[in-house]
Structures are given as C-alpha cells and as structure tokens.
Amino acid sequence: MKKSKRIATFGLCTALAFALSFLETLIPVNIGVPGVKLGLANLVVVAALYLLPKSDAFCISMIRILLAGLLFSGAFSLLYSFAGGILSFVVMLLAQKNKHLSVMGVSVLGGTVHNIAQILVAAAVMQTYRIVYYLPVLLLSGAGAGIAVGLLSGIVVERLSKIDTASH
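Right, let's walk through the structure included here.

Describing the overall build of the protein chain
Then comes step 1: When you go through the protein chain residue by residue, the secondary structure sums to six helices and zero strands.
Then comes step 2: Walking the protein chain from its N terminus toward its C terminus, one meets helices and strands in the order α-α-α-α-α-α.
Then comes step 3: A compact globule built from 168 residues should have a C-alpha radius of gyration of about 15 Å, and the protein chain, at 16 Å, falls within 12% of that.
Then comes step 4: By principal-axis analysis of the C-alpha atoms, the protein chain measures approximately 55 × 35 × 25 Å.
Then comes step 5: In the protein chain, which comprises 168 residues, the proportion classed as buried is 39%.
Then comes step 6: Intrachain contacts of the protein chain at a sequence separation of at least 6 include 69% that bridge at least 24 residues.
Then comes step 7: Total accessible area computed for the protein chain in this model is approximately 9,600 Å², and 72% of it derives from carbon and sulfur atoms.
Then comes step 8: Separation between the mean location of the 12 positive side-chain charges and that of the 4 negative ones in the protein chain comes to 5 Å.

Here it is, written out as structure tokens:
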C-alpha cells in the first residue's frame, strides 16, 4: 500500500471508529450491569486487523479509546478501556493466525476477553474479588456483541478485499 493511501486509510478508520464510539453513547443499553456496551467501534478495529498492517490496527484502537474516553466517559474509565482494548487486541491478533477461526470467531474472542480484562481491573481497583459475579453476564454480552461485530466486520473485510483486488 502506498504511503499516502495508508495514511488516508488510517485517518478514515480512526475517524470512523471515533464516530461509532460517539454513536454508541447515544444508544441506551441498560441491562442493570455496568460496562455492557455494543462495541460498535470494534467493527473498525476487527476489519483493520484483516486489511491493514497490524500496527495500524492497534494504533487505531488505542487512539479511539483515548479520544472516546476523554470526551465521552472520563479519564478514570480509560484504565478499564485500555486494559480491555490491549488484551482483546492481543488475543484477536493471535486468534487471527488460526486459519480455523472466522472473522466472527476472532471478534467473539475479542469481545469476551475485553470484558475479562475490565473485570480484572475493576477487582484490582475496588480491591475485591466479588466483582467477578458480573463476569457471566459480561461474557454473554461480550460474545453477543462479538457475534454482531464479527458478522459486520466479515462483510466489510470481504467487500473491501474485493475492491482492493479489483483495483490492482
């Protein structure tokens, strides 16, 4: 990929991930358990993991977390978001190498691991293990969000791959 195209794609993906983070703040998800989100911005991160250099996908994720955290949820939540974002990215990166896992499988792993990381941080911050009682609900919500994000990401990756192949 040419440098100018890579920079433009990076900027567009970062902006899209940030816009989806904002959109998510407008959609009320209240099931009585804190931390449950749709994870819309992860659509961009998962697609970037398949379409861009891995370092770009990681940077898009981290920039999005920083911007969304500072603007929409506060500096304290950045600790939870970065823990979840980093661990889920590492797991998705490793899972992507397994040729038996689809984009959806990688996304589901990312969604569930993100919630595990956040629970671990919450347990450390609150100095109690009792927070793990939220884990089953968060794992189910992470898997559900991972399925939805994975389905959409798979479609995006498939279509953008066809466009990129056709342009060569």
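As for the pattern of salt bridges
Then comes step 1: All told, the structure shown has two salt bridges when counted by the stated rule.
Then comes step 2: Put simply, aspartate 56 and arginine 6 hold a salt bridge, and the shortest N to O gap is 2.7 Å. In this pair, aspartate 56 is assigned in helix α3 (residues 54-73) and arginine 6 in helix α1 (residues 3-26), connecting sequence segments 50 residues apart.
Then comes step 3: Salt-bridge contacts for glutamate 158 lead to lysine 162; the nearest nitrogen and oxygen are separated by 3.4 Å. Here lysine 162 and glutamate 158 lie together in helix α6 (residues 135-166), a separation of four residues that amounts to about one turn.
Then comes step 4: For lysine 162, a relative accessible area of 55% translates into the label exposed.

Points about the packing of helix α2 (residues 42-51) against α3
Then comes step 1: Running from N to C, α2 and α3 cross one another at 165 degrees; their axes reach a closest spacing of 8 Å. Comparing their axes, α3 and α2 come out roughly antiparallel. Crossing of α2 over α3 shows left-handed handedness. Contacts between α2 and α3 involve Asn42, Val44, Val45, Ala48 and Leu49 from the first element and Lys54, Ala57, Ile60, Ser61 and Arg64 from the second.
Then comes step 2: Classifying every residue of the contact of α2 with α3 by side-chain character gives six nonpolar, two polar and two charged.

Some points on helix α5 (residues 103-126)
Then comes step 1: The end-to-end C-alpha distance of α5 is 35 Å, a good match for the 34 Å that 24 residues give at a rise of 1.5 Å each.
Then comes step 2: Immediately downstream of α5, the backbone of glutamine 127 shows phi near 55 degrees, a positive value.

Concerning the side chain of threonine 112
Then comes step 1: Looking at the element boundaries, threonine 112 is found in helix α5.
Then comes step 2: Classification of threonine 112 as buried rests on a relative accessible area of 14%.
Then comes step 3: Look past the residues within four positions of threonine 112 in its chain and what remains in contact with it is Leu139, Gly142 and Ala143.

Some thoughts on α3
Then comes step 1: A rise of 1.5 Å per residue sets the reference length of α3, with its 20 residues, at 28 Å; its end C-alpha atoms lie 27 Å apart and thus fit the reference within 8%.
Then comes step 2: Along α3, the positions that sit buried rather than exposed are Asp56, Ala57, Ile60, Ser61, Met62, Arg64, Ile65, Ala68 and Gly69.
Then comes step 3: Residues of α3 that are buried in the fold lie against α1, α2 and α4 (77-96).
Then comes step 4: Positive phi appears at glycine 74, one or two residues downstream of α3, with a value of about 100 degrees.

A word on the nonpolar core
Then comes step 1: One finds Val44, Ile60 and Met92 to be the most contacted residues of the largest nonpolar core, which totals 19 residues.
Then comes step 2: Where this core is concerned, the elements lending two or more residues are α1, α2, α3, α4 and α5.
Then comes step 3: For this core, the element with the highest residue contribution is α2, accounting for six residues.
Then comes step 4: Not counting residues within four places of it along the chain, the set of residues in contact with isoleucine 60 comprises Phe10, Cys13, Thr14, Ala17, Val44, Ala48 and Leu52.
Then comes step 5: If you look at the next biggest cluster of nonpolar residues, it comprises eight residues, including Ile119, Val121, Ala123 and Leu138.

So, how was this worked out
- Residues numbered from 1 in each chain as written.
- Predicted model: local features only at pLDDT ≥ 70, side-chain atom pairs only at ≥ 80, totals over all residues.
- Heavy atoms only, no water.
- Helix = DSSP H or I, 4+ residues; strand = E, 2+ residues; numbered from the N terminus.
- Rg over C-alpha atoms; globule rule 2.2 N^0.38 Å.
- Buried < 20%, exposed > 50% of the residue type's maximum accessible area, 1.4 Å probe, protein only.
- Contact = heavy atoms within 4.5 Å.
- Areas by Shrake-Rupley, 256 points an atom, 1.4 Å probe, with all protein chains shown as cover.
- Lys, Arg positive; Asp, Glu negative; His and termini not counted.
- Charge placed at Lys NZ, Arg CZ, Asp CG, Glu CD.
- Salt bridge = Lys/Arg side-chain N within 4 Å of Asp/Glu carboxyl O.
- Axes fitted to C-alpha atoms, helices over the stretch in contact; angles between N-to-C directions.
- Parallel < 35°, antiparallel > 145°, perpendicular 65-115°, else oblique.
- Left-handed = near helix turned anticlockwise from the far one by under 90°.
- Nonpolar A, V, L, I, M, F, W, Y, C, P; charged D, E, K, R; others polar.
- Expected span 1.5 Å × (residues − 1).
- Core = buried A, V, L, I, M, F, W, Y, C linked by side-chain atoms within 4.5 Å.

By themselves, these figures tell us nothing about what the structure is for.
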